[in-house]
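Fold and geometry: a report
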Amino acid sequence: VTATVHDTAERRLRDAGQRYTSQRRSLVDLLARSGHPLTLPDILRSRRQLKQSSVYRNLADLEHAGVVRRVMTDEEHGRYELAEELTGHHHHLVCARCGTMRDVDVPDDVERSLDRSLDRIAGRAGFASVSHRLDLIGLCADCAATA
Ligand SMILES: [Zn+2]
Ligand SMILES: [Zn+2]
């Protein structure tokens, strides 16, 4: 995990009037290493020494400060990942059967042409400064093998 990630996290928390405690740092570390959005149970499994209530509260504080983003899924609870300012813009591959989620980068030229088309579409509805979130839904390799 690069120092930049922690610097940005610390700055955002400070702007929100919060401290970058060791527990918050450890959560940012976990999310940065994971390579895909994590569920609360995933996080608790990797951080057994932390209490569920304080993990939940710290994630909410990190989300409020713009360090962490909650990813909406079809599952009962959302998943957590670092905000794009910390990780870079990316998309998610989602398995329609088991819910597995993975980060995926789209080539720059595809992103550029996506942005152009989406800007045009949103512009017609009067929207400016448009960004996008785009999930790719399919069957993961494991599920495809047993389909
Ligand atoms: Zn699957
Ligand atoms: Zn994109």
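Below or above, wherever it landed, is the structure these notes cover. Quantities reported herein were computed from a predicted structural model and do not represent experimental measurements.

Here we look at the sheet that holds strand 4 (residues 91-95)
Strand pairing in a sheet relies on backbone hydrogen bonds. The paired strands run either parallel or antiparallel. The strand order across the open sheet built from 3 strands is 5-4-6, with neighbouring strands paired in mixed fashion. Sheet topology places strand 5 (101-104) and strand 6 (135-138) at the edges, where each strand pairs with a single neighbour. When the angles between neighbouring strand axes are averaged without regard to direction, this sheet yields 25°. As judged from the 4 bridges shared by strand 4 and strand 6, these two strands associate in the parallel manner. Across the sheet, residue Leu-93 finds its bridge partner in strand 6, namely Leu-136.

Some points on the environment of Tyr-56
When you line up the elements, Tyr-56 lands in helix 4 (residues 52-64). Taking C-alpha positions, Tyr-56 is 7.9 Å from Leu-40, a pair spaced 16 residues apart along the chain. For Tyr-56, the contacting residues outside a window of four places in its chain are Leu-40, Arg-70 and Tyr-80.

A closer look at the coordination of the zinc ion (ligand 1)
Taken together, the protein donors to the zinc ion (ligand 1) comprise Cys-95 (SG), Cys-98 (SG), Cys-140 (SG) and Cys-143 (SG), at separations of 2.3 to 2.4 Å. Because the angles between the 4 donor atoms bound to the zinc ion (ligand 1) fall within 103 to 116°, the donor set is best described as tetrahedral. Written as a sequence motif, the donor residues of the zinc ion (ligand 1) are C-x2-C-x41-C-x2-C. Of this pair, Cys-98 sits in the loop between strand 4 and strand 5 while Cys-140 sits in the loop between strand 6 and helix 7 (141-145), and the two are 42 residues apart along the sequence.

Structural notes on a nonpolar patch on the surface
Nonpolar side chains collect at one region of the surface, where Leu-93, Leu-134 and Leu-136 lie side by side and expose about 220 Å² of accessible area between them. Position of Leu-93 among the secondary structure elements: in strand 4. Under the relative-accessibility criterion, Leu-93 is labelled partly exposed at 37%.

Quick word on the coordination of the zinc ion (ligand 2)
Here the zinc ion (ligand 2) is held by the protein donor atoms His-89 (NE2), His-91 (NE2), Glu-111 (OE), Glu-111 (OE) and His-132 (NE2), which lie 2.0 to 2.3 Å from it. Of note, the donors binding the zinc ion (ligand 2) are all from one chain and are spaced H-x1-H-x19-E-x20-H. A residue pair is termed long-range when its members are at least 10 positions apart, and Glu-111 in helix 6 (residues 108-124) and His-132 in the loop between helix 6 and strand 6 qualify at 21 residues. For Glu-111, a relative accessible area of 9% translates into the label buried.

Remarks on the sheet that holds strand 2 (residues 68-71)
Taken in spatial order, the 3 strands of this open sheet run 1-3-2, and their pairing is antiparallel. Among the strands making up the open sheet, the edge pair consists of strand 1 (38-39) and strand 2. When strand 1 meets strand 3 (residues 79-82), the two strands line up antiparallel, connected through 2 bridges. Bridged to Leu-38 within strand 3 is Tyr-80. Where helix 4 meets the sheet, it contacts strand 2 and strand 3, and its direction lies at approximately 105° from that of strand 2.

Side note on the packing of helix 2 (residues 22-34) against helix 4
With their axes 10 Å apart at the nearest point, helix 2 and helix 4 run at an angle of 75° to one another. Put simply, helix 2 runs roughly perpendicular to helix 4. Counted together, Gln-23, Arg-24, Leu-27 and Val-28 of helix 2 and Ser-54, Val-55, Asn-58, Leu-59, Asp-61 and Leu-62 of helix 4 form the full contact between these two elements. Across the contact of helix 2 with helix 4, the residue classes tally to 5 nonpolar, 3 polar and 2 charged.

Topic: the pattern of salt bridges
Evaluated as defined, the whole model comprises 6 salt bridges. Salt-bridge contacts for Arg-45 lead to Asp-42; the nearest nitrogen and oxygen are separated by 2.8 Å. Highlighted residues: Arg-45 and Asp-42, both in helix 3 (residues 40-46), separated by 3 residues, approximately one helical turn. Notably, a salt bridge pairs Arg-69 with Glu-81, separated by 3.1 Å at the nearest N-O pair.

Definitions and limits used
- Residues numbered from 1 in each chain as written.
- Chains lettered and ligands numbered in written order.
- Predicted model: local features only at pLDDT ≥ 70, side-chain atom pairs only at ≥ 80, totals over all residues.
- Heavy atoms only, no water.
- Pairing = 2+ DSSP bridges.
- Helix = DSSP H or I, 4+ residues; strand = E, 2+ residues; numbered from the N terminus.
- Axes fitted to C-alpha atoms, helices over the stretch in contact; angles between N-to-C directions.
- Contact = heavy atoms within 4.5 Å.
- Donors = N, O, S within 2.8 Å, 3.2 Å for Na, K, Ca; no water.
- Tetrahedral: all angles 85-135°; square planar, octahedral: opposite > 155°, others 65-115°.
- Patch = residues over 30% accessible without salt bridge, like charges linked within 9 Å, V, L, I, M, F, W, Y side chains within 5 Å.
- Areas by Shrake-Rupley, 256 points an atom, 1.4 Å probe, with all protein chains shown as cover.
- Salt bridge = Lys/Arg side-chain N within 4 Å of Asp/Glu carboxyl O.
- Buried < 20%, exposed > 50% of the residue type's maximum accessible area, 1.4 Å probe, protein only.
- Parallel < 35°, antiparallel > 145°, perpendicular 65-115°, else oblique.
- Nonpolar A, V, L, I, M, F, W, Y, C, P; charged D, E, K, R; others polar.

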